[in-house]
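# Per-entry structural report
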Amino acid sequence: MILPMNLPLRYRALNAQPSRPGAILYWMNREMRIHDNWALLEAYSRARESKQSFAVVFFLMPSFGTAKNLANDRMYEWMKQGLKHVEEDAQKLGIPFYVFEGEPTKLLPAFIETYDIGQVIVDFTPLRFMRSMKQSLADMLPISVLEVDAHNIIPWFIASDKQEWGAYTIRPKIHQLLPTYLHPYPVLLALEVKPLIVDYTKPSWLTSPSTLTRATDAMIDFLTHRLSRYEERNNPNLDATSRLSAYFHFGFLSTQTVALAVQEINIPAESFLEEMIVRKELADNYCAYNPDYDTFDGFPDWAKKTLHLHRHDVREYVYDKATLEQGKTHDEAWNAAQLQMVTTGYMHGYMRMYWAKKILEWTPSPEEALAIANELNDTYELDGRDPNGYTGTAWAIGGVHDRPWQERPIFGMIRYMNFQGLKRKFDLGQYIRTWTGVQIVK
Ligand SMILES: Cc1cc2nc3c(=O)[nH]c(=O)nc-3n(C[C@H](O)[C@H](O)[C@H](O)COP(=O)(O)OP(=O)(O)OC[C@H]3O[C@@H](n4cnc5c(N)ncnc54)[C@H](O)[C@@H]3O)c2cc1C
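Residues numbered from 1 in each chain as written. Predicted model: local features only at pLDDT ≥ 70, side-chain atom pairs only at ≥ 80, totals over all residues. Heavy atoms only, no water.

### Quick word on the site of the ligand
Around the ligand sit 24 residues in total, of which Y230, T241, S242, R243 and N377 are the nearest. R243 is positioned such that a nitrogen or oxygen atom in its backbone is 2.7 Å from an oxygen atom of the ligand. D383 places a main-chain nitrogen or oxygen 2.9 Å from a nitrogen atom of the ligand. Here the ligand has 830 Å² of accessible area as a free molecule, and 91% of this is covered by the chains. Most atoms of the ligand, that is more than half of them, are within 2 Å of grid points of the largest pocket. In terms of residues, the shell around the ligand owes the most to one element, helix α10 (residues 270-289), which gives five residues. Along the lines of polarity and charge, the residues of the shell around the ligand split into eight nonpolar, 10 polar and six charged. Taken domain by domain, the shell around the ligand gets at least three of its residues from each of domain 2 (153-185 + 214-289) and domain 3 (290-435). (Near = heavy atom within 4 Å. Polar contact = N/O pair within 3.5 Å; in protein donor to acceptor, adjacent residues only side chain to side chain. Areas by Shrake-Rupley, 256 points an atom, 1.4 Å probe, with all protein chains shown as cover. 1 Å grid on protein atoms, 1.4 Å probe; cavity = no way out; pocket = protein on both sides within 12 Å on 5 of 7 lines; lining within 4 Å. Sits in = over half its atoms within 2 Å of the grid points. Helix = DSSP H or I, 4+ residues; strand = E, 2+ residues; numbered from the N terminus. Nonpolar A, V, L, I, M, F, W, Y, C, P; charged D, E, K, R; others polar. Domains from an automatic or database assignment.)

### With respect to helix α15 (residues 366-380)
The first and last C-alpha atoms of α15 sit 21 Å apart over 15 residues, in line with the 21 Å expected at 1.5 Å per residue. Within α15, 11 of the 15 residues are buried, which leaves it mostly tucked inside the rest of the structure. Those residues of α15 that sit buried are P366, A369, L370, I372, A373, N374, L376, N377, D378, T379 and Y380. Those residues of α15 hidden inside the fold are in contact with α2 (73-93), α11 (301-309), α12 (321-325), α13 (332-344), α14 (349-362) and α16 (387-398). (Expected span 1.5 Å × (residues − 1). Buried < 20%, exposed > 50% of the residue type's maximum accessible area, 1.4 Å probe, protein only. Contact = heavy atoms within 4.5 Å.)

Encoded structure:
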């Protein structure tokens, strides 16, 4: 398999080092999958063209390195179950896949040195911690490091060269480029290059079969049974959405795979594709171009101004993080959403908006609101620690990608949501009963 020559480029060089003779290494990071992975395909194709050996490495870090990223056991377990599928797929194709437990900053340079690696290909993430780690490694390594955007259908640096204002500004750019970038993946059938064999002991947890539903099965389940109901997605009592976000987050599934599968079936999917492509790629755009994506400073000027003007408004309810975390507010809808997230690792998308906006209403400052929302989101959502999450909280609390609305206390001109509004939209009592067992009394 060689990447067809007419495929558009999806990579950028992270340093100016030339590639040197030696094995080609794919450092898998955000995109935990073998199939339909542009970063893997790029590395593999280079190995084949230069007749070098090839391997894939993954570094399982004990933590994500920052106080804010409180990855929990459930998230780790999910990731490990997904990595077992990666291992299975790699084995079937004869691709050497090595999982090392530890920090890439220490392990990667040693690996490169020991095994005479000629070039490293890594996948892209816009998030600060991994992005700066990759850049510092690329700056110190004596070999070429390329970064491939295997997450977005339109590579982030091609879709736009600046932070976009909103869906309305990025949408036309994406739609114009889709015919060029949304094309089938080359299929890997068997390894046609020399595998790079290294001294390796597989972690014991990687040897048992996975208990996780395969990403492609989850996709087929959605396309077959729920896509036709997607227009009802704002009702949290219905299972009408894809529930694919955690698969995308860990890279177990690519949105391009799903978009191509959607093209094959005869079901209208405009709204779904808008969320999965435009909104999702807009989130990567926000985090890639705004270094303050998870703080108040990242908000647009109009939002900062209006939130400043209202920062001393009296709050009827003020809750600390612990009370919020336990879902013990006066608002049973909010508590239900919080409990849905804590117990299952997934909060319905419609409730996420309400949930974050209420944190703004009930905490002493927008800065604190954003910090708490991100921390809870990152701790409990399986799809947390993701550009979609930072963009989602920044949208809800800081007007990012939104416009000014009618002015009101605390929120200023930030879009407001309330309990009565939820009641009008869907059977709120049912949602509350499901997640808290409490009946609405108001
Ligand atoms: C406060 C807040 C926090 C959020 N936190 C996260 C998070 O941590 N991780 C996360 O992946 N998403 C987050 N979102 C976005 C969205 O709510 C979830 O992606 C969605 O609910 C996941 O469910 P689903 O896969 O069934 O979505 P579907 O409705 O089936 O959508 C399909 C896919 O499109 C993407 N998508 C959908 N809505 C959005 C959106 N508003 N912005 C960007 N991409 C979107 C997701 O990848 C999703 O899997 C957040 C939104 C808000 C308002």
